[in-house]
Structures are given as C-alpha cells and as structure tokens.
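Now for the letters of each chain:
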There are 2 protein chains.
Amino acid sequence: MEKAIDKFTKYLRENHMRLTKPRRIIVESILEINKHFNAELLYEEIKKRDKSVSLATVYRTMPLLIKAGLSKQSFRCSSKDNYENAYNEEKHLHMICGVCHKIVEVNSEICMIKLQEMAQANDFTLKNINITINGICGDCKRKLKEEDEKI
Amino acid sequence: MEKAIDKFTKYLRENHMRLTKPRRIIVESILEINKHFNAELLYEEIKKRDKSVSLATVYRTMPLLIKAGLSKQSFRCSSKDNYENAYNEEKHLHMICGVCHKIVEVNSEICMIKLQEMAQANDFTLKNINITINGICGDCKRKLKEEDEKI
DNA sequence: ACTGTTTTTGAGAATCATTATCAGAAAAAC
DNA sequence: GTTTTTCTGATAATGATTCTCAAAAACAGT
Ligand SMILES: [Mn+2]
Ligand SMILES: [Mn+2]
Ligand SMILES: [Zn+2]
Ligand SMILES: [Zn+2]
C-alpha cells in the first residue's frame, strides 16, 4: 500500500498545491489517531507535535485529506463533524447512543453493496455513504429505567 | 389512521404539556408540507397562517413533533437539519448531490431490515435510521465535464 | 543564493444555524 | 377570578465552521 504522505503529495501536486510543513504535520497526526476524530481532537493531536499550526488550517486541510482519499467524513455527533482514516478501513456504519454518545461500529456488506447499486442505478457518482443508527444503548436504557422507577 | 393533531395532543398530555395555539399552527403547517423541510422553510409556511409565531418556537417544537411521531429527522444539507413527516412515509434513504443539492429518495427494504436487526443484536433501542448517499448527480457530472473540456 | 510570483498560513473576525434566557402571556387548576 | 404551571416572543448567546487579509513560505527561473 502507498504511504499516506505520498498519496497526499501526489494529490497536492496534481492540483497545483504545495506540501507545506503544517500539511505534513497534519497528515502525520491523523495517522496517530486510530479512531474517529473531530476538528478539535485532531487539533489537540497536532499540538503535541507543533504548537504553531492553527485551527483554521486544520479546517482548511480536512477537505483536502478527504479528496486525497486519506480520510473520510464519518458521522455527526453533538453538532460536530467527525472523520476517520480511510486507510485500511472497511466500509461500516455507526450506531450512536443519543445519551452517552457511545459509538458502535458495525459492518454490513449487504447494505453497502445495495447502496452502491442504487447510486449507479440513479446515475449518481458516489462520493460517500453515511449510515447512522440513532438510538439508546443498553446501558443508558437500563439507567433511565432505574431513574424512572425511583420517581 | 389517527389524526396528526390528536396524536400530538395525546403526546402532550402524557407529558404534562399543553396544546397551545402556536403548537396547533405548527402541526397544521407541517401537514401542508409534503416534502423535506428545514426550520426556515417550516417557519415560512407557518407565517402564511400566523405571523406571530416565532422562529424560537419552531425550533422548540420540532423535538416534540419528533418524539410524538409526527415528524422525523431526515438528512442534513448545507449545514441545515432537515425533517420530513412521518405520516404515511415508508422508510427510505436519500441521495444528495453535493453540487446542486438535489435530493433523490430511494427505498431499500433490505437495508432497513438489516439495520433494524443490527440494532437489536447490539442491544440498541432504535430511534432513527439515517442513510445518506453523498455524491454528484448525472446532470452536474455532465456540466462539470463540459467545463473541464473548455479549459 | 537572489528575485519575483504564487500559494499558504495564523490570527482573528464573521457567519449562521441552533439554544438559552427571561419577563410577560396563556392555559390549566382551584 | 385567582393561583399555579407551562409557554411564548424577542433577543442575546453559543459554537462549529468559514472567511479575510497581511505576512510567511514554497516555488520557478536566473
Ligand atoms: Mn467508523
Ligand atoms: Mn425523504
Ligand atoms: Zn448510552
Ligand atoms: Zn446535481
């Protein structure tokens, strides 16, 4: 597999953009994060390496990382956009607990294939599939029940 | 089928809430909208009936309509939350063109069933399933290609 | 290395959908 | 009608994201 930084460099060059120090640091940082992340979390990770990179640059760079195929948009939680690395990631969906915001990842090959077919059938050039199941996890459900019974 | 206003009244009573004039107007208004809507669009529809209802009340009432089962959260487009009526609506998914923001609705019984099973298997109390396919529609694709060729 | 050109950046302001606040109005209870 | 509870409109606040712009960095040619 191609190294992330090479893939990014290639993308940048193809689009007349430059591989700068902040951009390199950002790529190195997303590789350190092996879970979902939002702009703020990534920013914290970046600051471990270099305090001078600005949050604005983080926001500016995310779309580039996505277009370059390094990251992809994931779910949205608590009004924040979340991302995850596209590297070595199988397509999957997210179940989000609306109470504790726990995320559970699940695979569904069948859904993914069906959805890809649907895009094709509708002359849609697929960029991203997002499946989110909102609900309440077992733990929270139980806690809520207990509280109910107290009253 | 139960009338929307009755369903809402019932929900309100069960939760020690009151059926007020603004709330009644809002329910009447969502029934006039037979497509997806965001807070702003609903607010415009409401103003046709009564100019005095405030946007704050629209935002305040949406969660109630959802909990009462009249509306449900749909997709998010251009940084805005979109809703649609739950009445007579089959479960379906949305394909959104990232360029012209056109929405195409498709049904996928198979996906929905699979996802419900998954929620169950993970001890998740399902509140809402959201499937969004992001991409570029055929029309926009063609236009973009033409522009590319001009350069 | 020097110089002009293009792209990028950090800092901070601006945007804008959504929430929170709060004093006055409505609705239910008495 | 009076009291109690819940709602509401107006408006301020919030907060994630985007925009602006002058200064800095990267590049290309010499
Ligand atoms: Mn994931
Ligand atoms: Mn729909
Ligand atoms: Zn939970
Ligand atoms: Zn389009």
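Please read all numbers here as calculations on a predicted model, not as lab measurements. (Residues numbered from 1 in each chain as written. Chains lettered and ligands numbered in written order. Predicted model: local features only at pLDDT ≥ 70, side-chain atom pairs only at ≥ 80, totals over all residues. Heavy atoms only, no water.)

## Here we look at the protein's contact with DNA strand C
So, point 1. Contacts to DNA strand C come from 19 residues, most closely from R18, T20, T57 and R60 of chain A together with Y59 of chain B.
So, point 2. Backbone atoms, meaning sugar and phosphate, form 67% of the atoms of DNA strand C found within 4 Å of the protein.
So, point 3. S54 of chain A places a side-chain nitrogen or oxygen 3.0 Å from a phosphate oxygen of DNA strand C.
So, point 4. Mapped onto the surface near DNA strand C, the elements with two or more residues apiece are α2 (21-32) and α4 (55-67) of chain A together with α4 (55-67) and β3 (80-85) of chain B.
So, point 5. Of the residues assigned to the surface near DNA strand C, the class counts are six nonpolar, five polar and eight charged. (Near = heavy atom within 4 Å. Polar contact = N/O pair within 3.5 Å; in protein donor to acceptor, adjacent residues only side chain to side chain. Helix = DSSP H or I, 4+ residues; strand = E, 2+ residues; numbered from the N terminus. Nonpolar A, V, L, I, M, F, W, Y, C, P; charged D, E, K, R; others polar.)

## So, the interface of chain B and chain A
So, point 1. Chain B puts 34 residues into the contact, and the matching count from chain A is 34 residues.
So, point 2. Summing both sides of the interface, chain B and chain A together bury roughly 2900 Å²; the carbon and sulfur share of this comes to 68%.
So, point 3. Area buried by chain B at its contact with chain A is led by M118, F124 and I133 of chain B, which between them contribute 20% of it.
So, point 4. Inspection of the chain B/chain A interface yields two salt bridges.
So, point 5. Residue R142 of chain A pairs with D123 of chain B through a salt bridge whose shortest N-O separation is 2.8 Å.
So, point 6. It is strand β6 (residues 125-136) of chain B that provides the largest number of residues to the side of chain B that touches chain A, a total of 12 residues.
So, point 7. Taken together, the 11 bridges between strand β6 (residues 125-136) of chain A and β6 of chain B define a ladder with antiparallel strand orientation. In the sheet register, N130 of chain A faces β6 of chain B, and the bridge partner there is T132 of chain B. (Contact = heavy atoms within 4.5 Å. Buried area = accessible area lost by both parts, 1.4 Å probe. Salt bridge = Lys/Arg side-chain N within 4 Å of Asp/Glu carboxyl O. Pairing = 2+ DSSP bridges.)

## Observations regarding the domain arrangement of chain A
Residues and elements named next belong to chain A.
So, point 1. Splitting chain A by domain gives domain 1 (1-87) and domain 2 (89-151).
So, point 2. Taking only C-alpha atoms, the centre of domain 1 and the centre of domain 2 are 24 Å apart.
So, point 3. Domain 1 puts 12 residues into the contact, and the matching count from domain 2 is 11 residues.
So, point 4. Surface buried jointly by domain 1 and domain 2 totals about 840 Å² across both partners, of which 51% is contributed by carbon and sulfur atoms.
So, point 5. Inspection of the domain 1/domain 2 interface yields zero salt bridges.
So, point 6. Inspection of the domain 1/domain 2 interface yields six residue pairs in polar contact (both at pLDDT 80 or more).
So, point 7. Listing elements by their share of the side of domain 1 that touches domain 2, those giving two or more residues are β2 (71-77) and β3 (80-85). (Domains from an automatic or database assignment.)

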